[in-house]
Amino acid sequence: MEHQNNDTYLAKWLSGEMSGEELMEFKKTAEYKDCKFIVDVTAGLETPIYDQQKNFSATLNKISNQKNTTKVRTLIPRWAYAVAATVVLFLGYSFFFQQTTFQAQLAEQTTFLLPDGSEVMLNADSEIAFKSYNWDSNRTLNLTGEAYFKVKKGSKFTVKTKEGTVAVLGTQFTVNSRNDFYNVTCFEGKVKVTSGKLNHILTPGNAISIQDNIATPYKTNEVTPSWTAQESSFNEVAIYEVVTELERQYNITVSGKENLKIAYFTGRFSHTNLQQALTTVFDTMEIRYTFDANRNVRIQKYK
Amino acid sequence: MPDTQKSVCEQRVFEEVFNTHSKTIRNFIYYKCGDSAQAEDLTQDAFVKLWNNCAKVPFEKAKSYLYTLANNAFLNEVAHKKVILKHQKSVSSIASHESPEFIYREKEFKKELDNAIANLTEKQREVFLLNRIENKKYKEIAEMLGISLKAVEKRMHGALVSLRSEIKEFKK
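Procedures and definitions
- Residues numbered from 1 in each chain as written.
- Chains lettered and ligands numbered in written order.
- Predicted model: local features only at pLDDT ≥ 70, side-chain atom pairs only at ≥ 80, totals over all residues.
- Helix = DSSP H or I, 4+ residues; strand = E, 2+ residues; numbered from the N terminus.
- Buried ≥ 20, exposed ≤ 12 C-beta atoms within 10 Å, placed from the backbone.
- Contact = placed C-beta atoms within 7 Å.
- Axes fitted to C-alpha atoms, helices over the stretch in contact; angles between N-to-C directions.
- Parallel < 35°, antiparallel > 145°, perpendicular 65-115°, else oblique.
- Left-handed = near helix turned anticlockwise from the far one by under 90°.
- Nonpolar A, V, L, I, M, F, W, Y, C, P; charged D, E, K, R; others polar.
- pLDDT = per-residue confidence, 0-100.
- Pairing = 2+ DSSP bridges.
- Core = buried A, V, L, I, M, F, W, Y, C linked by C-beta atoms within 7 Å.

Draft legend 1. Quick peek at the overall build of chain B. Each helix and strand counted, chain B has seven helices and one strand in total. For chain B, the α and β elements follow one another from N to C terminus as α-α-α-β-α-α-α-α. Going through the 172 residues of chain B one by one, you find that 37% of them count as buried. Taking as baseline every contact in chain B between residues at least 6 positions apart, the subset at least 24 positions apart corresponds to 69%.

Draft legend 2. Looking closely at the overall build of chain A. Of the regular secondary structure elements, chain A holds seven helices and 17 strands. Scored against the burial criterion, the 303 residues of chain A give a buried share of 27%. Put simply, of all contacts in chain A between residues at least 6 apart along the chain, 38% involve residues at least 24 apart.

Draft legend 3. Representation of the packing of helix 1 (residues 11-33) of chain B against helix 3 (residues 62-76) of chain B in the model. Residue and element names in this part refer to chain B. In contact at an axis separation of 10 Å, helix 1 and helix 3 are set at 30° when each is read in the N-to-C sense. Considering the angle they form, helix 1 stands roughly parallel to helix 3. Crossing handedness for the pair helix 1 and helix 3: right-handed. On helix 3, the residues touching Val-17, His-21, Ile-25, Phe-28, Ile-29, Lys-32 and Cys-33 of helix 1 are Ala-62, Lys-63, Leu-66, Tyr-67, Ala-70 and Phe-74. Across the contact of helix 1 with helix 3, the residue classes break down as 10 nonpolar, one polar and two charged.

Draft legend 4. Seen up close, unusual backbone geometry. In this model, A:Glu286 sits at a positive phi of 55°, which is unusual for a non-glycine residue. You can call A:Glu286 exposed: it has 8 C-beta atoms within 10 Å. Even without being a glycine, B:Asn135 presents a positive backbone phi close to 55°. Within the secondary structure layout, B:Asn135 lies in the loop between helix 5 (122-132) and helix 6 (138-145).

Draft legend 5. Quick peek at helix 5 of chain B. In terms of burial, helix 5 of chain B is a largely internal element, nine of the 11 residues being buried. Every buried residue belonging to helix 5 of chain B is among B:Gln124, B:Arg125, B:Glu126, B:Val127, B:Phe128, B:Leu129, B:Leu130, B:Asn131 and B:Arg132, and all of these are buried.

Draft legend 6. Looking closely at the interface of chain B and chain A. Contacts between chain B and chain A engage 34 residues on the former and 31 residues on the latter. Of all the elements in the fold, those that place two or more residues in the side of chain B that touches chain A are helix 1, helix 2 (36-52), strand 1 (86-87) and helix 7 (149-166) of chain B. A breakdown of the residues in the side of chain B that touches chain A according to their chemical character gives 16 nonpolar, nine polar and nine charged.

Draft legend 7. Molecular detail of the confidence of the model for chain B. Residue and element names in this part refer to chain B. Within chain B, residue pLDDT values average 80, and 78% of them lie at 70 or more. Per-element confidence in chain B ranges from a low mean pLDDT of 62 for strand 1 to a high of 91 for helix 7. Note that pLDDT drops below 50 for residues 89-95; the model gives that stretch eight contacts with residues more than four away or on any other chain. As scored by the predictor, the complex reaches a pTM of 0.45 and an ipTM of 0.74.

Draft legend 8. Focus on the sheet that holds strand 16 (residues 289-291) of chain A. All names here are of chain A. Strand order in the open sheet formed by three strands is 14-17-16, with mixed pairing between adjacent strands. Every interior strand has two partners, whereas the edge strands, strand 14 (253-255) and strand 16, have only one. Ignoring strand direction, the axes of neighbouring strands in this sheet form an average angle of 20°. Note that strand 14 and strand 17 (residues 296-299) share three bridges and pair parallel. Counted as the bridge partner of Ser-255 is Arg-298 from strand 17.

Draft legend 9. Quick peek at the nonpolar core. Among the nonpolar cores identified, the biggest contains 48 residues, and A:Leu10, B:Ile29, B:Ala46, B:Leu50, B:Leu66, B:Ala70 and B:Met156 are the most heavily contacted of them. In terms of residue count, the dominant contributor to this core is helix 1 of chain B (eight residues). Once you skip the residues sitting within four places of it in the chain, B:Met156 turns out to touch A:Leu10, A:Ala11, A:Leu14, B:Val127, B:Phe128, B:Asn131 and B:Tyr138. The next biggest cluster of nonpolar side chains, apart from the first, holds 30 residues, and it includes A:Val120, A:Leu122, A:Phe157 and A:Val168.

Draft legend 10. The arrangement of the confidence of the model for chain A in detail. Residues and elements named next belong to chain A. Of the residues in chain A, 90% reach a pLDDT of 70 or more, and the chain-wide mean stands at 80. Confidence, read as mean pLDDT per element, is least for helix 5 (residues 78-97) in chain A (72) and greatest for helix 1 (residues 9-14) (89). Below a pLDDT of 50 lies the segment residues 69-73, which in the model reaches zero contacts outside its immediate sequence neighbourhood of four places, other chains included.

Draft legend 11. Highlighting the environment of A:Thr8. Tracing the backbone through its elements, the reader meets A:Thr8 in the segment before helix 1. Excluding its chain neighbours within four sequence positions, the residues that come into contact with A:Thr8 are B:Glu153, B:Lys154 and B:His157.

Draft legend 12. Main features of the pairing of strand 11 (residues 206-211) of chain A. Residue and element names in this part refer to chain A. Bridge analysis of strand 9 (residues 181-195) against strand 11 gives five bridges, and the strand direction is antiparallel. Within strand 11, the residue paired with Asn-183 across the bridge is Ser-209. In the sheet, strand 11 pairs with strand 12 (residues 214-219) via six bridges, with the strands oriented antiparallel. Looking across to strand 12, one finds that Asn-206 is bridged to Lys-219. Hairpin remark: strand 11 followed by strand 12, antiparallel, with two residues in the connecting loop; positive phi at Asp-212, about 50°.

Draft legend 13. The arrangement of the pairing of strand 10 (residues 198-202) of chain A in detail. Residues and elements named next belong to chain A. Bridge analysis of strand 9 against strand 10 gives five bridges, and the strand direction is antiparallel. The residue of strand 10 that forms the bridge with Lys-192 is Ile-201. Counted along the chain from strand 9 to the antiparallel partner strand 10, the turn is two residues long, and its residue Gly-196 has a positive phi close to 60°.

Printed below as a string of structure tokens:
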């Protein structure tokens, strides 16, 4: 049989463009039967599953990623090198000359390592600053608040506070310097405490507290400071300072503390149970107080 | 024409274009290479390029732009696999009788058809499957591939002739 379009007639038939007469003839052939079968079966074929959502997000991903690569390919302008150098210098400056500061917020304690591996544990509401660029030859840091030091052996290690300076060689000790209150406890090695004209050398198990320029040495059986074990301990400390420490450890406000009479507290309170800590401090000192659900503590006036 | 106002640079429009064309483009590439992961990858790449050039490509041209990109990207890729298509569960609607012999023959036929489709030239296969599975008209295929209508018809005709000669079941 002759077809009008010798190399396309099957396509014409499939799209329904074959002329009537030619179609009648074509339908009689085995070729028609076979092709009809092929066409019918292939209409039911399916491609692998296509997840449109997944592909769309993959496309968006590529778009955002390639934006970065395009930037890299663009020629780097000369000023960029200058900027890069400045940034490097600045970073270097920050690394070598800037002070490094560590802080512990209210009701929080934090531990960190100094460049030489010495360990510092900061008690609540305390801050420490030091220069790390020549740390090994000049181990000096400034402290506000209270901290516990485990010093690696090496050159002189100095802690400066508003109240005085503590200098040591490899040792463990705490320094507490808040307002007019200054307390140093030595746990290991030897510590030299300087405050104004006062000079004291502490050996392990000895502590000193300085209030109003009067130094009171005392002994301690503790191996590490109590506050590193969720407690605060005091040795004849003004009650006002004890209440302030309560405020720091629990991040609470104690109102009416200015009405407190001068008294000294010896003992310890827990950092984990406010109710218990309040009982420990106030009941032993015979102070009346109220405590509500919003953690407001009010000290009542003495009768 | 309201469509001329549409810009592919708008994410909403871009997503619309994606939802309209991405599946067909994926299948179009799949018919060529038989690797659905590769096909999806190339499809995504085509859309990435469309997005990058969204300001230069008018909304109406987006479709043919995408096909050209996908096709060019494909030409650069070398990996080819056998195109495997899933048969629908039954083709019994075609059959007027379902004797055991017929079922056996149908099975044999499917196997042979798969091979025959895989053995088509790439150009024949893409045209044939775009028409049969994607229901694209010859004119649309010609636009997608950037070839003449006559060339599409020739490929379609060639595909049918080739399939018929490959399937032995017909010769029984």
